[in-house]
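Chains, contacts and geometry: an overview
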Amino acid sequence: MSIENNHKPHRTFLDRFLDIPEPKVSYLTKVTWVDRLMSKTFLKLLPSSVTPNRITQFRLICIPFVAWALLAHDFSIAMPLFVIAAFSDALDGALARTERKITSWGTLYDPVADKLLVGITSLIIVSEYISIRLALAIVFIELCLVASAYFRYKGRIVPAKTMGKIKMLLQCFGISFLLLYLVIGSPILLTIATYLLYLALMFGLLSLFVFRSI
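For clarity, every value in this text was computed on a predicted model and none was experimentally measured.

1. Thoughts on the overall build of the protein chain
Tallying secondary structure elements over the protein chain gives nine helices and zero strands in all. Counting from the amino terminus, the protein chain carries its helices and strands in the arrangement α-α-α-α-α-α-α-α-α. Partitioning the intrachain contacts of the protein chain with sequence separation of at least 6 by distance along the chain shows that 78% fall at a separation of at least 24. Of the roughly 11,400 Å² that the protein chain leaves accessible, carbon and sulfur atoms contribute 68%.

Take a look at the structure:
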């Protein structure tokens, strides 16, 4: 379901399905420079039948295959699968905002897909190759963010904010570097992955206690 190109239907749609105040409506529908870049490049390659929700569903479907490849230690398969799944997060958000196709389902399940992808991957490989404490901390912070948002907004659906998006970006790059290390074995990649994931953890704490974003 899409949003028309005038402000009144934006408000009506989000009032009905998201039930969030005006400042968050503006934030949720705002097209960023990244969205504009994506619309001029990768989004042009997508068939018109592809919707943001279908991309999110694709990411959810990818998660068990990523987990299977990781558990099998087939990192040459796991790495491209993870990168594709992670990149789909940028695609569905950009498509939803630039094409006015924001839905309540996508607003809810997009962050769920992100957290499942990062959480499961962290538990499998971050715990084994970097630190089990770091892996558990990543998962714990993600659970706290979801619980905090749910109770703070009384069960209403809320969008991710900039701090939460930066956290997700750092997590994805950190895990990608870790997977690349597991494929080619260069120690510098492991160091980069470790620093990125600890930095992501810091942004997770900021999201939870300062900026209150998922």
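2. Some details on unusual backbone geometry
Phi is positive for His73, which is not a glycine, with a value near 60 degrees. By secondary structure assignment, the location of His73 is in the loop between α4 (52–71) and α5 (75–98). By relative accessible area, which is 42% here, His73 ends up partly exposed.

3. Here's the deal with the packing of α5 against helix α6 (residues 104–129)
Between α5 and α6, the least distance of the axes is 11 Å, while the angle of their chain directions is 150 degrees. Regarding the angle of α5 to α6, the classification is roughly antiparallel. The hand of the α5/α6 crossing is left-handed. Across the interface between the two elements, Phe75, Phe82, Ala85, Ala86, Asp89 and Asp92 of α5 pack against Asp110, Asp114, Leu117, Thr121, Ile125 and Tyr129 of α6. Split by residue class, the contact of α5 with α6 holds seven nonpolar, one polar and four charged.

4. Structural notes on the pattern of salt bridges
Following the criterion strictly, the structure yields seven salt bridges and no others. Arg59 is paired through a salt bridge with Asp110; the nearest N and O atoms lie 2.4 Å apart. One end of the pair, Arg59, is in helix α4; the other, Asp110, is in helix α6, with 51 residues separating them in the sequence. Of the two residues, Arg59 and Asp110, both sit in the buried class. Residue Asp114 pairs with Arg59 through a salt bridge whose shortest N-O separation is 3.1 Å. Highlighted residues: Asp114 in helix α6 and Arg59 in helix α4, separated in sequence by 55 residues. Here Asp114 and Arg59 have matching classes, each one buried. One network of salt bridges, in which partners are shared, links Arg59, Asp89, Asp92, Asp110 and Asp114.

5. Observations concerning the packing of aromatic side chains
For the structure shown, the criterion picks out three aromatic pairs. Where Phe42 meets Phe87, the ring centres are 4.9 Å apart and the plane angle is 75 degrees; that geometry is what we call edge-to-face. Taken together, the positions of Phe42 in the loop between α3 (33–40) and α4 and Phe87 in helix α5 put the pair 45 residues apart, joining distant regions of the chain. On the accessibility criterion, Phe42 (41% relative accessible area) is partly exposed.

6. Side note on the packing of α4 against α5
Look at α4 against α5: their axes get within 9 Å of each other, and the N-to-C directions meet at 165 degrees. On the basis of their axis angle, the class for α4 and α5 is roughly antiparallel. The two elements α4 and α5 cross, and the hand of that crossing is left-handed. Taken together, the residues of the contact of α4 with α5 sort by class into 18 nonpolar, two polar and three charged.

The rules we used
Residues numbered from 1 in each chain as written. Predicted model: local features only at pLDDT ≥ 70, side-chain atom pairs only at ≥ 80, totals over all residues. Heavy atoms only, no water. Helix = DSSP H or I, 4+ residues; strand = E, 2+ residues; numbered from the N terminus. Contact = heavy atoms within 4.5 Å. Areas by Shrake-Rupley, 256 points an atom, 1.4 Å probe, with all protein chains shown as cover. Buried < 20%, exposed > 50% of the residue type's maximum accessible area, 1.4 Å probe, protein only. Axes fitted to C-alpha atoms, helices over the stretch in contact; angles between N-to-C directions. Parallel < 35°, antiparallel > 145°, perpendicular 65-115°, else oblique. Left-handed = near helix turned anticlockwise from the far one by under 90°. Nonpolar A, V, L, I, M, F, W, Y, C, P; charged D, E, K, R; others polar. Salt bridge = Lys/Arg side-chain N within 4 Å of Asp/Glu carboxyl O. Phe/Tyr/Trp six-rings, centres within 6.5 Å; stacked < 30°, edge-to-face > 60°.

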